[in-house]
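Descriptive analysis of the structure
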Amino acid sequence: MGRNVIYIVVPCYNESEGLKQSCEKLEIKMNELIKTKKMISKKSKVMLVNDGSKDDTGKIITEICENNSLFSGLLLSKNVGHQNAILAGMMTSKDYADAVITIDADLQQDINALDNFIEKFQDGNEIVYGIRNDRSTDGVFKKMTATLYYKLLSFLGVDIIPNHADYRLMSKKALEALGEFKEVNLFLRGLIHLIGFQSDTVYFDVKEREFGKSKYTLSKMLTLATDGITSLSIKPIRIIMIIGVVMFLLSIIMIGISIIDWFKGVNVAGYTTSLISIWLVGGITILSLGIIGEYIGRIYMETKHRPRYIIESFIWKDENKR
Ligand code: UDP
Ligand code: MG
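What counts and what doesn't
Residues numbered from 1 in each chain as written. Chains lettered and ligands numbered in written order. Predicted model: local features only at pLDDT ≥ 70, side-chain atom pairs only at ≥ 80, totals over all residues. Heavy atoms only, no water. Salt bridge = Lys/Arg side-chain N within 4 Å of Asp/Glu carboxyl O. Buried < 20%, exposed > 50% of the residue type's maximum accessible area, 1.4 Å probe, protein only. Helix = DSSP H or I, 4+ residues; strand = E, 2+ residues; numbered from the N terminus. Near = heavy atom within 4 Å. Polar contact = N/O pair within 3.5 Å; in protein donor to acceptor, adjacent residues only side chain to side chain. Areas by Shrake-Rupley, 256 points an atom, 1.4 Å probe, with all protein chains shown as cover. 1 Å grid on protein atoms, 1.4 Å probe; cavity = no way out; pocket = protein on both sides within 12 Å on 5 of 7 lines; lining within 4 Å. Sits in = over half its atoms within 2 Å of the grid points. Nonpolar A, V, L, I, M, F, W, Y, C, P; charged D, E, K, R; others polar. Patch = residues over 30% accessible without salt bridge, like charges linked within 9 Å, V, L, I, M, F, W, Y side chains within 5 Å. Pairing = 2+ DSSP bridges. Axes fitted to C-alpha atoms, helices over the stretch in contact; angles between N-to-C directions. Contact = heavy atoms within 4.5 Å. Donors = N, O, S within 2.8 Å, 3.2 Å for Na, K, Ca; no water. Phe/Tyr/Trp six-rings, centres within 6.5 Å; stacked < 30°, edge-to-face > 60°.

This paragraph deals with the pattern of salt bridges. Inspection of every chain in the model, using the stated rule, returns 19 salt bridges. Note that Lys37 and Glu32 form a salt bridge whose closest N and O atoms lie 2.8 Å from each other. For Lys37, a relative accessible area of 41% translates into the label partly exposed. In this structure, Lys317 and Glu66 form a salt bridge, with 3.0 Å as the shortest nitrogen-oxygen distance. Note that Lys317 is positioned in the segment after β8 (311-315) and Glu66 in helix α2 (residues 57-67), a separation of 251 residues in sequence. Each of Glu15, Asp106, Arg209 and Lys215 takes part in a single network of salt bridges with overlapping partners.

Take a look at the structure:
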């Protein structure tokens, strides 16, 4: 029949506190989809990706996969971050699956939406985007920064679906296309849009994290945010140039004013103006260098073509032994 082997890719970083619990829920859901609803093939699996966790996550994943062939495990050699961990899972599972769905290990995203993803895939869509209904479970800070960030992205000309994170389905075909994008600085939610293909959306609710803390530290979030901008837009550099032109025009006016003042003999005044200009121009210069530096740093990383993840081991068992 085709289009019925579905892999669920779950990135796990220090998730030992609740991983078993999440896997139990996923098992129930998968059994419902496989046996009760007969929507997907029994060859479907959940792929747990250990993103170089420092706790027992790797051990737990190995144990789960040894005992239950519904689960397969992909253990990465070190922590490469959420985006790369998802990529590793997707690129590995695309060889076995007709489509892959990514979901977080804390199952904050509603797993009952999986049915809708699969239905839309079986209707012929190659990519199905999950979109959260609201941001009520986010803190005020996250809600505000996220909204501002999406506004900034659209100001910079980035075509992005608001409130879509990394709960999505991609078909084998779409994943093969994604594999052609070799960039090291990954911002999947912006990139996948560039692939094209017929796509659709699914709305879902987001719950509070039931166990452990968020694994997205502030620095990981900032890296993701800058990756998002630098990998999808060069407008910041253009804005610097515009600021440069404006500053240049202003300086011509300032020169004119100074010369007039000199003729009038009022040259000593203007302490405040001088001070402000020094700080303003200095500030803008350093900021501009910083922005350009961000791009150069990323170009540097891209030119090295380093692997985005390294697989330490892969645990996969035949479904017949389940
Ligand atoms: N994660 C990962 N590598 C990292 C950080 C996070 O694989 O370096 C995983 C994490 O285990 C979880 C998902 O990414 O499955 C989302 O993380 P989290 O739920 O902590 O983020 P939040 O929901 O707070 O944005
Ligand atoms: Mg979460």
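With that settled, the discussion passes to the site of ligand 1. Around ligand 1 sit 18 residues, and of these Glu15, Asp51, Asp106, Ser214 and Lys215 come closest. Between an oxygen atom of ligand 1 and a side-chain N or O atom of Asn79, the distance comes to 3.2 Å. Between ligand 1 and the protein, one listed contact pairs an oxygen atom with a backbone N or O atom of Ala105 at 2.8 Å. Here ligand 1 has 530 Å² of accessible area as a free molecule, and 93% of this is covered by the chains. Under a 2 Å grid-point criterion requiring more than half of the atoms, the pocket assigned to ligand 1 is the largest pocket. Residue composition of the shell around ligand 1, by class: five nonpolar, five polar and eight charged.

Looking now at a nonpolar patch on the surface. A contiguous nonpolar patch, built from Ile242, Val246, Leu250, Ile253, Met254 and Ile257 and spanning about 520 Å² of accessible area, is present on the exposed surface. Tracing the sequence through the fold places Ile253 in helix α9 (residues 235-264).

We now examine the sheet that holds strand β2 (residues 45-50). Here we have eight strands laid out as an open sheet, ordered β7-β5-β6-β4-β1-β2-β3-β8, and mixed in their pairing. Among the strands making up the open sheet, the edge pair consists of β7 (199-204) and β8. Adjacent strand axes in the sheet meet at a mean angle of 20° when their direction is disregarded. Here six bridges tie strand β5 (residues 127-132) to β7, and the two strands are oriented parallel to one another. Counted as the bridge partner of Ile131 is Tyr203 from β7. In the packing of α2 onto the sheet, the strands contacted are β1 (6-12), β2, β3 (71-76) and β8, and the crossing angle to β3 comes to about 150°. Along the sheet face, helix α3 (residues 82-93) touches β1, β2, β3, β4 (99-102), β6 (168-171) and β8 and points at about 150° away from the line of β1.

Protein-derived ligands of the magnesium ion (ligand 2) are Asp106 (OD) and Gln108 (OE1), with the metal-ligand distances lying across 1.9 to 2.0 Å. In this structure Asp106 comes out as buried when scored by relative accessible area, which is 6%.

A full pass over the atoms with the stated rule returns eight aromatic pairs. Aromatic side chains Tyr7 and Tyr96 sit 6.1 Å apart centroid to centroid with 15° between the ring planes, which places their arrangement in the stacked category. In this pair, Tyr7 sits in strand β1 while Tyr96 sits in the loop between α3 and β4, placing the two residues 89 residues apart along the sequence. Relative accessible area serves as the criterion here: at 35%, Tyr96 is assigned to the partly exposed category. Ring centres of Tyr149 and Phe187 lie 6.5 Å apart, and the angle between their planes is 90°; on these two criteria the pair is classed as edge-to-face. Of this pair, Tyr149 sits in helix α5 (residues 140-155) while Phe187 sits in the loop between α6 (172-179) and α7 (188-191), and the two are 38 residues apart along the sequence.

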